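Overview (structure and organization)
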Amino acid sequence: MFITRLISGIVLVAIALLVNHVGGPLLLLTMLAISLIGMFELFRAVKIREKGTNSLTTAAYAGAVLWYVAVWLGHVYGERFDHFYVSFLAAGLIILLFVYVFTYPKYHADQVMAAFFGIVYVAVCLSFIYQTRELPDGRWHVWLILLCSWGCDTSAYCVGRLFGRHKMAPVLSPKKSVEGAVGGVIGAAIFGGIYGACIRGKVSADINVVLVYIVVCAIGALISMVGDLAASAIKRNMEIKDYGHLIPGHGGILDRFDSVIITAPIIYFLCSVLRF
């Protein structure tokens, strides 16, 4: 299992390197594809669909595509298009309500709400990877999303195995410990500092890159643990082990990107506010 996870991890990093280097439409379409697969896994988990697709899930996928169109238009037209983002998200909701009303009583209200949750939770949040990449020096900043997510996960696992004594969420995730969580934050901060030292001369902003990256990764790591636990909570509610089997040794897209989903908007926000 370890070898399988390692090989899958190496392949994922290689793909990330290539897609991030090219950026632009390739990254946008890649994130859209990942979002649609993630939504498919989520809808299967929460039982909006059992086999194949249906009109409600199709409407949700259309809403996700609309959001990515809005993101692309925002990149092309800049600040002139910023106030249209919410309109495109609302359009996705309207499509869902259209299906809900004109197929009534085929779907229940909770299914419609779960479908809209899928658009926001998966598609909107993951799109911030592309949006971070499009910021000034974004090709370097976007790695902070993976560093604080996967770096925290790896560090927390190692520290928890060695020193874990106090359970952080005993009912939800019995194996996670307070010591592991602290180790995860510290580990992510260290990874951020090392990364900042390596690319210090490549970032054009007049800042202490090492210090800022340490702070950003520490904050991101705290948020990433919430994302990890939230994805676990959904699986426990629905009594499933994994969201899918697409990535050997890791599970599905949501199993691998559960913390990234929540971290990406935070890293984008921090990079935008700090303007580096």
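Residues numbered from 1 in each chain as written. Predicted model: local features only at pLDDT ≥ 70, side-chain atom pairs only at ≥ 80, totals over all residues. Heavy atoms only, no water.

By the element assignment, D255 lies in helix α10 (residues 253-274). In this structure D255 comes out as buried when scored by relative accessible area, which is 11%. As a C-alpha pair, D255 and E41 span 214 residues in sequence and 9.7 Å in three-dimensional space. Here D255 is in contact with K235, D242, Y243, G244 and H250, once residues within four sequence places are set aside. (Helix = DSSP H or I, 4+ residues; strand = E, 2+ residues; numbered from the N terminus. Buried < 20%, exposed > 50% of the residue type's maximum accessible area, 1.4 Å probe, protein only. Contact = heavy atoms within 4.5 Å.)

This part is about the nonpolar core. One recurring pattern in soluble globular proteins is that nonpolar side chains are buried together. Counting 65 residues, the largest nonpolar core has M39 and L126 as its most contacted members. It is helix α5 (residues 109-133) that provides the largest number of residues to this core, a total of twelve residues. Ranked by size, the runner-up nonpolar core spans eight residues in total, among them V185, A189, A218 and M225. (Core = buried A, V, L, I, M, F, W, Y, C linked by side-chain atoms within 4.5 Å.)

What follows covers the environment of G138. Position of G138 among the secondary structure elements: in helix α6 (residues 138-141). In the structure, G138 is positioned 26 residues away from V112 in sequence and 35 Å away in space, judged by C-alpha atoms. If sequence neighbours within four positions are ignored, G138 has contacts with T132 and R133.

This paragraph deals with the environment of S155. Relative to the assigned elements, S155 resides in helix α7 (residues 143-163). Overall, S155 belongs to the buried group, its relative accessible area being 12%. In this structure the C-alpha to C-alpha distance between S155 and V182, which are 27 residues apart in sequence, comes to 9.1 Å. Beyond its immediate stretch of four places on either side in the chain, S155 contacts G183, G184, G187, A188 and F191.

The subject of this paragraph is the packing of helix α4 (residues 85-102) against α5. Close contact between α4 and α5 brings their axes to 10 Å; oriented N to C, the two are set at 155°. Classified by the angle their axes make, α4 and α5 are roughly antiparallel. Crossing geometry of α4 relative to α5 is assigned as right-handed. Of the residues in α5, those touching α4 at Y85, L89, L93, L96, L97 and Y100 are A109, V112, A115, F116, I119, V120, V124 and Q131. Residue composition of the contact of α4 with α5, by class: 13 nonpolar, one polar and no charged. (Axes fitted to C-alpha atoms, helices over the stretch in contact; angles between N-to-C directions. Parallel < 35°, antiparallel > 145°, perpendicular 65-115°, else oblique. Left-handed = near helix turned anticlockwise from the far one by under 90°. Nonpolar A, V, L, I, M, F, W, Y, C, P; charged D, E, K, R; others polar.)

Together, M168, V178, V182, I186, I190 and I194 give the surface a local cluster of nonpolar side chains, amounting to about 500 Å² of exposed area. By residue number, the principal contributor to the nonpolar patch is helix α8 (residues 178-199), which donates five residues. As for its placement among the helices and strands, V182 is situated in helix α8. (Patch = residues over 30% accessible without salt bridge, like charges linked within 9 Å, V, L, I, M, F, W, Y side chains within 5 Å. Areas by Shrake-Rupley, 256 points an atom, 1.4 Å probe, with all protein chains shown as cover. Salt bridge = Lys/Arg side-chain N within 4 Å of Asp/Glu carboxyl O.)

Let's shift gears to the pairing of strand β2 (residues 173-177). In the case of a regular strand, side chains alternate between the two sheet surfaces. Relative to β2, strand β1 (residues 167-169) runs antiparallel, the two being bridged by two bridges. Pairing of A169 across the sheet is with S173, part of β2. (Pairing = 2+ DSSP bridges.)

For the rest of this paragraph, the subject is the pattern of salt bridges. Opposite charge on two side chains permits pairing when their charged atoms draw close. Applying the stated rule across the entire model yields four salt bridges. Across the salt bridge formed by R256 and D153, the nearest N and O atoms sit 3.6 Å from each other. Of this pair, R256 sits in helix α10 while D153 sits in helix α7, placing them 103 residues apart in sequence. Take D153: its relative accessible area is 32%, and that puts it in the partly exposed class.

These figures capture arrangement, not role.
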